[in-house]
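Single-letter residue listing:
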Amino acid sequence: QREALKLIADSLFQPASFRFKPDFVSRIGIDHFDRPRNPDVSIANGVLNVQKAALDALYDDGVAARLIGAGEKASAGAKPLPLAEVYETLREAIWSELRTGGEIPRLRRNLQREHLLRVANALVKPSATLPADARALQRDSAKSLQAGLRTAAAKGGLAKETRAHLKESLITLERALSASLLRAGA
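An account of the accompanying structure is given in this report. (Residues numbered from 1 in each chain as written. Predicted model: local features only at pLDDT ≥ 70, side-chain atom pairs only at ≥ 80, totals over all residues. Heavy atoms only, no water.)

### Focus on the nonpolar core
Formed by 38 residues in total, the largest nonpolar core has its most connected members in F13, V86, L90, L149, L166 and L173. Counting residues per element, this core draws most heavily on helix α8 (residues 132-154), at 6 residues. Once you skip the residues sitting within four places of it in the chain, L173 turns out to touch L116, V119, L123, A142, L145, Q146 and L149. (Core = buried A, V, L, I, M, F, W, Y, C linked by side-chain atoms within 4.5 Å. Buried < 20%, exposed > 50% of the residue type's maximum accessible area, 1.4 Å probe, protein only. Helix = DSSP H or I, 4+ residues; strand = E, 2+ residues; numbered from the N terminus. Contact = heavy atoms within 4.5 Å.)

### Things to note about the environment of L117
Mapped onto the elements, L117 comes out in helix α7 (residues 106-124). With relative accessibility at 43%, the residue L117 sits in the partly exposed group. With 56 residues separating them in the primary sequence, L117 and L173 have C-alpha atoms 9.0 Å apart.

### Comments concerning the pattern of salt bridges
In total, this model carries 7 salt bridges according to the counting rule given. One salt bridge in this structure joins R118 and D56, with 2.6 Å as the shortest N-O distance. One end of the pair, R118, is in helix α7; the other, D56, is in helix α3 (residues 43-58), with 62 residues separating them in the sequence. Taking the shortest distance from any N to any O, the salt bridge between R108 and E97 comes out at 2.9 Å. Within this pair, whereas R108 is found in helix α7, its partner E97 is found in helix α6 (residues 97-100), the two being separated by 11 residues in sequence. A network of salt bridges, in which partner residues are shared, links D56, E114 and R118. (Salt bridge = Lys/Arg side-chain N within 4 Å of Asp/Glu carboxyl O.)

Given below as structure tokens:
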């Protein structure tokens, strides 16, 4: 499980994994028989769709429940993957620019928005099937992300797109963290 998570974090969620030569991208065509509304091929949308599918799987309530319960089923000496490690690994991989202080390219901003959307939704209106420990871990992970966003947003010398993205992300996360939790059945 750790190896699979590392593979996803080190490949699917890294910007270097999706660098395409402009001459290759310019030769990608559309199916003219399909008659798309927008005839432009968007590499960014294609990449984001793959990343969204991975995020959906990794933030699935059933996955969280299995990881939380894995410790009870593990044999002595086994080290099952804790859900906290999954959330931390994802946050650090997706928001690595917060540590480096570098610019955030468009593909990364798209991924970060999707990650933030899942985090904010889980905080504001948690699923009835999400284990309580998973909710607590998500809130803790969100607070760590909030601290990183605050630090990164305060730095100067970044492009306007990066600064705006960081500020918007921070506002979104702060609102989600301060919102009342809507508990299922309450």
